[in-house]
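Reading the structure
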Amino acid sequence: MSPRAQAPPPNEVTPGLYLVATPIGNLRDITLRALDVLEGVDTVLAEDTRVAGKLLAAHGIKAKLQRYDEHAAARARPGILSDLAQGAAIALISDAGTPLISDPGYRLAREAAEQGIAVIPIPGPSATLAALSVAGLPTDRFLFAGFPPTKSSGRRALFEELAHVRATLIFFEGGSRLADSLGDMAAVFGPRDAAVARELTKLHETIVRGSLDTLAADPRFVAPKGEIVVLVGPGHDVAATPETADAALAEALTRAGPAEAAAEVAKALGLPRRNLYARALALRGR
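Attention in this report is confined to the structure presented alongside it.

Quick word on the overall build of the protein chain
A count of helices and strands for the protein chain gives 12 helices and 10 strands. In terms of C-alpha radius of gyration, the protein chain reaches 24 Å, well past the compact-globule figure of 19 Å for 286 residues. Here the protein chain, with 286 residues, has 40% of them falling under the buried criterion. Intrachain contacts of the protein chain at a sequence separation of at least 6 include 68% that bridge at least 24 residues. Put simply, the protein chain shows about 15,200 Å² of open surface, and 54% of that area lies on carbon and sulfur atoms. Positive and negative side-chain charges of the protein chain, numbering 31 and 32 respectively, have mean locations separated by a distance of 3 Å.

Quick look at the structure:
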C-alpha cells in the first residue's frame, strides 16, 4: 500500500484560491495535500504550463491549466477573480517552490482577499528556506532580498543599504552574474561568513560555505549553470575608531565630494555627519 493511501483522508477542496508550493527540483518533494488540491481544483494557474504539465503528469494528475505569468497576469486577473467570486476553486503554482516568492501572484492573492475570497496556503518546498537550513549561518533572523540589480552600481547601493541589517541575508542570483555579485558583496560586506547553494534537491546539488572574499575568488562560480541562492551572515557592531573613520572617508573621497563622503560614512559607521564633513575637508586639503 502506498504512503498516500495510508495517510489521513484528504480534506474537501472548497471554493477559493489555493497557493500551492511545488518541488524546486526533485519531483517527489511535493506534499500529499498539494496533490489532493491539484487534483480537486477547477483550474491550475501556472507560470509556465509546460513545466506544470510535466509535474502533473509525473503524479498522474489531469487538470485544466491556464497561463499566469508576469505578462499574462494583468489581462487574466479580472476573469480569474470573477470565477473565484462565483465559487470556483483555483490553484496557483510557480515553476518551482512557493508561489509569490520572486514570482507573480501577489496582486491576485491580495485582490482575492480584499473581495472576501478564501486564500489558502498549501505549504511545501522553498529554495529560500532549504538554503538557509544548510548554510551554517544564523537562522533566528533572516531577510530575503530577492535578485540583486544587474549593474554593479545598483548592486552595491542595495548591499550598502543592507549592510547594517543584523540578520542573515538571502539573495537569488543568475549564474552569469554570480561572480560579479559575490565580488560586490565582498567589497561592501567584507569577509563575512557566507554560502552559495546551487541546484538544491537536484542531481548536481552543490553547497559551498566560506568567507565572502573566498567565495568571490572561487573559480567554480564563474558563470555556473542552474538555480542559485547566496546567503550572507549578519555583520557585527564594531565601535568606529578615528582611524577607521579616516580610512572610510579616504576611500569615499576617491569617488565622491566631501559632503557625499561624509554622508556615506556617517550612515555606515553611525557617526555624526557634521564631524565627518569637517574631517573630510581636512583630509581633502592634505
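Next comes the rest of the description.
Quick notes on the nonpolar core
The biggest cluster of nonpolar side chains holds 20 residues, and the ones touching the most others in it are Phe171, Leu182, Met185 and Val230. No other element matches the 5 residues that helix 8 (residues 178-189) contributes to this core. Not counting the four nearest positions on each side in its chain, Val230 is found in contact with Leu169, Ile170, Phe171, Glu173, Leu178, Leu182, Met185, Ala195 and Val196. Among the nonpolar cores identified, the runner-up in size contains 19 residues, and Tyr18, Ala34, Val44 and Ile61 belong to it.

As for the pairing of strand 10 (residues 228-232)
Burial analysis of strand 10 places 5 of its 5 residues in the buried class, the great majority of the element. In strand 10, alternate side chains face the same way, and those of Ile228, Val230 and Val232 on one face and Val229 and Leu231 on the other are all buried. Where strand 8 (residues 193-198) lies against strand 10, 5 bridges are found, and the strand directions are antiparallel. Along strand 10, the bridge assignment pairs Ala194 with Val232.

Points about the layout of surface pockets
Estimates place the volume of the second largest pocket at around 740 Å³. The wall of the second largest pocket is formed by 37 residues, among which Ile24, Asp95, Ala96, Gly97 and Glu227 lie closest to the centre. When contributions to the lining of the second largest pocket are tallied by element, the ones reaching two or more residues are helix 3 (49-58), helix 6 (127-134), strand 7 (168-173), strand 8 and strand 10. Across the lining of the second largest pocket, the residue classes tally to 17 nonpolar, 10 polar and 10 charged.

A look at the side chain of Thr168
Note that Thr168 resides in strand 7. With a relative accessible area of 0%, Thr168 lands in the buried category. Side-chain polar atoms of Thr168 contact the backbone oxygen of Pro138, separated by 2.7 Å. Setting aside residues up to four positions removed in sequence, Thr168 forms contacts with Leu132, Leu137, Pro138, Arg141, Phe142, Leu143, Leu231, Val232, Gly233 and Pro234.

Description of the environment of Ile228
Here Ile228 lies in strand 10. In the structure, Ile228 is positioned 29 residues away from Glu199 in sequence and 6.5 Å away in space, judged by C-alpha atoms. Contact partners of Ile228, with chain neighbours within four places excluded, come to Phe171, Phe172, Glu173, Gly174, Gly175, Leu178, Val196, Ala197 and Arg198.

As for the side chain of Thr128
Examined against the element boundaries, Thr128 turns out to sit in helix 6. Among the residues examined, Thr128 registers a relative accessible area of 6% and is labelled buried. If we skip the residues at most four places from it in the chain, Thr128 touches Ile101, Phe144, Ile170 and Phe172.

Observations concerning the sheet that holds strand 5 (residues 119-122)
Strand order in this open sheet of 5 strands is 3-2-4-1-5, and the pairing throughout is parallel. Looking at which strands have only one partner, the edges of the open sheet turn out to be strand 3 (65-67) and strand 5. On average, each strand axis in the sheet is tilted by 25° relative to the strand beside it, whichever way the strands run. Pairing between strand 2 (residues 43-46) and strand 4 (residues 89-93): 4 bridges, direction parallel. Bridge pairing in strand 4 links Leu45 to Leu92.

Quick word on unusual backbone geometry
Phi angles above zero are rare outside glycine, and Glu199 is one such case at about 55°. Here Glu199 falls in the buried class, since its relative accessible area comes to 14%. Positive phi, close to 55°, is recorded for Ala223, a residue that is not glycine. Of note, Ala223 is situated in the loop between helix 9 (212-216) and strand 10.

Analysis parameters
Each residue is numbered by its place in its chain's sequence as written, counting from 1. Under the rules for a predicted model, residues below a pLDDT of 70 receive no local features and side-chain atom pairs below 80 are neither given nor counted, while totals for whole chains, interfaces and linings still include all residues. Only heavy atoms go into the side-chain values, all of them from the structure, while hydrogens and water stay out. Helix and strand assignments come from DSSP, with helices taken as H or I runs of at least 4 residues and strands as E runs of at least 2, each series counted from the N terminus. Taken over C-alpha atoms, the radius of gyration is set against a globule rule of 2.2 Å times the number of residues to the power 0.38. A 1.4 Å probe rolled over the protein chains alone gives each residue an accessible area, and that area as a share of the maximum for its type sets the label: buried under 20%, exposed over 50%, partly exposed in between. Contact criterion: two residues are considered in contact whenever any of their non-hydrogen atoms come within 4.5 Å of each other. All accessible-area figures derive from a Shrake-Rupley calculation using a 1.4 Å probe, and residue coverage is judged against the displayed protein chains alone. A residue counts as positive if it is Lys or Arg and as negative if it is Asp or Glu; His and the chain ends are not included. Working definition for charges: the position is that of NZ of Lys, CZ of Arg, CG of Asp or CD of Glu. Working definition of a nonpolar core: buried Ala, Val, Leu, Ile, Met, Phe, Trp, Tyr and Cys residues. They are joined through side-chain atoms within 4.5 Å. DSSP bridges decide pairing: two strands pair if at least two such bridges lie between them. Buried and open spaces are told apart on a 1 Å grid over the protein atoms alone, a cavity being a set of points where a 1.4 Å probe fits but cannot get out and a pocket being an open set with protein on both sides within 12 Å along at least five of seven lines. Residues with an atom within 4 Å of a point are the lining residues. Grid points are joined across faces, edges and corners, and a volume is the space filled by probe spheres set on the points. All amino acids are sorted into three groups, where Ala, Val, Leu, Ile, Met, Phe, Trp, Tyr, Cys and Pro are nonpolar, Asp, Glu, Lys and Arg are charged, and the leftover types, Gly among them, are polar. Residues adjacent in sequence count toward polar contacts only when both atoms are side-chain atoms; beyond that, a polar contact is any pair of N or O atoms within 3.5 Å, and within protein one must be able to donate a hydrogen and the other to accept it. Fitted lines through C-alpha atoms give the axes, limited to the stretch in contact for helices. The angle between two N-to-C directions lies from 0 to 180 degrees.

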